[in-house]
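An overview of the molecular structure
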Amino acid sequence: VQLQASGGGLVQAGGSLRLTCSASKRVFSMNGMGWYRQAPGGQRELVANIVSGGRTTYADSAKGRFTISRDITNNKLYLEMNNLKPEDTAVYYCNKYPVVGMARAHWGQGTLVTVSS
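Quick look at the structure, then.

Another point: the pattern of salt bridges. A complete count under the given rule lists five salt bridges for this structure. In this structure, arginine 65 and aspartate 88 form a salt bridge, with 2.7 Å as the shortest nitrogen-oxygen distance. Pair noted here: arginine 65 is in the loop between strand E6 (56-58) and strand E7 (66-71) and aspartate 88 is in the loop between strand E8 (76-81) and strand E9 (90-97), with a separation of 23 residues, a long-range link. As far as the burial class goes, arginine 65 and aspartate 88 line up, both buried.

Listed below in structure tokens is the structure:
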């Protein structure tokens, strides 16, 4: 199962980043997809998801700042993040949505986002 996130980096508060996820066709075509993050010392949490028909849902912390989108043809998932805050600092992962049993699920390579104040 291929799940690889990229596009993270160091950015100042108020800045923007665009994350990209490459997923296997099997994962991408059979499931909704989501972006998750895990802050240092914290638990992994859902940030945004997109399901069939393109319907999206966001965590309260992401509403109005983040936009999830997908390219079904190329099995890509994106997360546009604007007005970043220091509390957005985390490793970001993509995965199917929903994930049942986050602790035992397969997680591919994440990408680190660091927001400086």
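What the rule picks out here adds up to two aromatic pairs. Seen from their ring centres, tyrosine 36 and tryptophan 107 are 5.0 Å apart, and the 80° between their planes marks the pair as edge-to-face. Of this pair, tyrosine 36 sits in strand E4 (residues 32-38) while tryptophan 107 sits in the loop between E9 and strand E10 (111-116), and the two are 71 residues apart along the sequence. Residue tyrosine 36 is classed as buried on the basis of its relative accessible area of 1%. Ring geometry for tyrosine 93 and tryptophan 107: centres 5.8 Å apart, planes at 65°, overall edge-to-face. Of this pair, tyrosine 93 sits in strand E9 while tryptophan 107 sits in the loop between E9 and E10, and the two are 14 residues apart along the sequence. As far as burial versus exposure is concerned, tyrosine 93 and tryptophan 107 are alike and both buried. Put simply, the rings of Tyr36, Tyr93 and Trp107 pair up and form one aromatic cluster.

Reading the values: rules and limits
Residues numbered from 1 in each chain as written. Predicted model: local features only at pLDDT ≥ 70, side-chain atom pairs only at ≥ 80, totals over all residues. Heavy atoms only, no water. Salt bridge = Lys/Arg side-chain N within 4 Å of Asp/Glu carboxyl O. Helix = DSSP H or I, 4+ residues; strand = E, 2+ residues; numbered from the N terminus. Buried < 20%, exposed > 50% of the residue type's maximum accessible area, 1.4 Å probe, protein only. Phe/Tyr/Trp six-rings, centres within 6.5 Å; stacked < 30°, edge-to-face > 60°.

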